[in-house]
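Notes for the structure review
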Amino acid sequence: MKRLLYALLLGCSLLACQKDQLVPALVQVGSSARIANYDSLVKGRSHVLPGIPIPIDTDLGALDTLLLLKNQYVVSYNRSFGRANWVGWHLQKNDLGDSERQNDFRPDTSLPVGWYQVKSTDYSTTDGFDRGHLCPSADRSNSEADNSSTFLMTNIIPQAPALNRGVWKELEAYCRELVEQGNELYIIAGGYGYGAAGTKGFRGLLSSGRVKPSRQCWKVILVLPEGSDDLKRINAKTTVIAVDMPNTQSVGEDWEDYILSVGDLEKVAHHSFLSALPASIQSALKAKKYTFPIVITPPTTTTSTLPVTVTVTPPITVTVSPPVTITVTPPITTTITPPVTVTSTPPNPGTVSSPPSTGDSKCGIYNGKQLYIGPKGGCYYINSNGNKTYVDRGYCSC
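Below is a summary of the structure that appears in this document. (Residues numbered from 1 in each chain as written. Predicted model: local features only at pLDDT ≥ 70, side-chain atom pairs only at ≥ 80, totals over all residues. Heavy atoms only, no water.)

Focus on the overall build of the protein
Helix and strand content of the protein: six helices and 25 strands. Here the protein holds 398 residues, and the buried ones make up 49% of them. Pairs at least 24 apart in sequence give 68% of the contacts found in the protein among residues at least 6 apart. Surface accessibility of the protein: about 19,000 Å² in total, with carbon and sulfur atoms responsible for 54%. (Helix = DSSP H or I, 4+ residues; strand = E, 2+ residues; numbered from the N terminus. Buried < 20%, exposed > 50% of the residue type's maximum accessible area, 1.4 Å probe, protein only. Contact = heavy atoms within 4.5 Å. Areas by Shrake-Rupley, 256 points an atom, 1.4 Å probe, with all protein chains shown as cover.)

Shown next as structure tokens:
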């Protein structure tokens, strides 16, 4: 018998709660028959304005899935997995500041009575996994309190170190670079599948017996120029980025290799995304696959400022065997009338500079690749596809 939707409210009723309430509301979800209500509970919430992921052809689990509506992000938490199904957050410039990383991994005490609260020690080095953030610490650096919130274990999932410290981290840095360039982002990140391979090999269940790592880690990013009425500004031309990365030590070095369309991600993650948008806009955005803007090096022009005169002093004799004599009648003067303009042939369309001639400076080495730093502090290298791959600013040594 399917269970009906019901709510557990802490501190205030869901309808009365304001954005960024101090005590999160807990929403228990029943069966797939009530999925529409599941979405409506968070409709209009600032962190998941474009809509939350809706399970496709699956039951959410009568007592397994819980929504936590926090000030800093929204969590869909799965009790049977001991981790989040997904976390959604809004990222803008005022979320980025100078607060230090708090590193205070801890259980989420807002979970209801009877739900196991995953501890930081449940991720053992014996298992070979990192405690990987969904909403990154650096995305909430405007205050110590906000940064600390990202270390609740409901926002943490087991990730292979090569993923967490490599391409996953690089994509996080790229998102912040987009914000510094004048954009605001809506991001949903999660995992699907069973079991992962860390430094100690494959694990379906971590040694604590409480946490099941996901086989894949995915992310959907909606990019808007800074502005207001965000939901009304999203249209078929809006930039969307989707990635699907294996949770293994053998993951590649370039996150761009894992780009796919939102529609293709839905097929493997079994969730429908962008659920708050009109159907026509959803269809257009789900069909798009993100590509980097191509940077073409402008032609270079060099102009001389003075005449160039070449004088050959006579006589000049070149002798070979048998003797052959070539004599130049004196004097020979060649004058090039100024100005002389030498123009390089413009690159063919689609040629990418490495790096673009934007004045970016060399600034250290990352995994054997030359790092560059842009005028706004973005740290990147040129990947095998000729595109910029941004990494954490700390890797740049200047």
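Continuing now.
Looking at the nonpolar core
In terms of nonpolar packing, the biggest core is built from 53 residues, with Y174, L185, I241, M245 and W255 touching the most fellow members. Once residues within four sequence positions are removed from consideration, M245 is found in contact with L163, V167, W168, L171, R215, Q216, C217, W255 and Y258. (Core = buried A, V, L, I, M, F, W, Y, C linked by side-chain atoms within 4.5 Å.)

Details of the pairing of strand β9 (residues 183–192)
Within β9, 10 of the 10 residues are buried, which leaves it mostly tucked inside the rest of the structure. Note that strand β6 (residues 83–91) and β9 share six bridges and pair antiparallel. Residue pairing across strands places H90 opposite Y186, the latter belonging to β9. Examined bridge by bridge, β9 and strand β12 (residues 216–225) share 10 bridges and lie antiparallel to one another. Note on β12: the bridge partner recorded for L185 is V223. (Pairing = 2+ DSSP bridges.)

Topic: unusual backbone geometry
We note that H270 has phi near 60 degrees; this positive angle belongs to a residue other than glycine. Relative to the helices and strands, H270 resides in the loop between α5 (262–269) and β15 (271–272). The exposure class assigned to H270 is partly exposed, which follows from its relative accessible area of 44%.

Let's talk about the sheet that holds strand β22 (residues 361–366)
What the four strands build is an open sheet, ordered β22-β23-β24-β25; its pairing is antiparallel. Both outer strands of the open sheet, β22 and β25 (388–391), are each paired with one neighbouring strand and no more. Adjacent strand axes in the sheet meet at a mean angle of 40 degrees when their direction is disregarded. Both β22 and strand β23 (residues 369–373) contribute to a ladder of four bridges, which runs antiparallel. The residue bridging K362 from the neighbouring strand is Y372, located in β23. (Axes fitted to C-alpha atoms, helices over the stretch in contact; angles between N-to-C directions.)

As for the packing of aromatic side chains
If you walk through the whole model with that rule in mind, you get eight aromatic pairs. Residues Y77 and W115 carry aromatic rings whose centres are separated by 6.3 Å and whose planes lie at 40 degrees to one another, so their mutual orientation is tilted. Of this pair, Y77 sits in strand β5 (residues 74–78) while W115 is found in the loop between β6 and β7 (130–133), placing the two residues 38 residues apart along the sequence. Each member of the pair, Y77 as well as W115, carries the same accessibility label: buried. Seen from their ring centres, Y174 and W255 are 5.2 Å apart, and the 45 degrees between their planes marks the pair as tilted. Of this pair, Y174 sits in helix α3 (residues 161–180) while W255 sits in the loop between β13 (239–246) and β14 (259–260), placing them 81 residues apart in sequence. Taking relative accessible area as the criterion, W255 reaches 0% and is therefore assigned buried. (Phe/Tyr/Trp six-rings, centres within 6.5 Å; stacked < 30°, edge-to-face > 60°.)

Side note on the pattern of salt bridges
Counted by the stated rule, this structure contains 12 salt bridges. For the salt bridge of D130 with R165, the shortest nitrogen-to-oxygen distance reads 2.8 Å. Of this pair, D130 sits in strand β7 while R165 sits in helix α3, and the two are 35 residues apart along the sequence. We note a salt bridge from E253 to K369, for which the minimum N-O separation is 2.6 Å. A residue pair is termed long-range when its members are at least 10 positions apart, and E253 in the loop between β13 and β14 and K369 in strand β23 qualify at 116 residues. (Salt bridge = Lys/Arg side-chain N within 4 Å of Asp/Glu carboxyl O.)

So, the environment of L274
Secondary-structure assignment places L274 in the loop between β15 and α6 (279–286). If we skip the residues at most four places from it in the chain, L274 touches P50, Q282 and L285.

Things to note about α6
By the burial criterion, the buried members of α6 are I281, Q282, L285 and K286. Within α6, the buried residues cover an arc of 125 degrees as seen down the axis, which keeps them to one side. Turned more than 90 degrees away from the buried face of α6, the exposed residues are A279 and S280. In this fold, the buried residues of α6 make contact with β12, β13, α5 and β15. (Arc of directions from axis to C-beta.)

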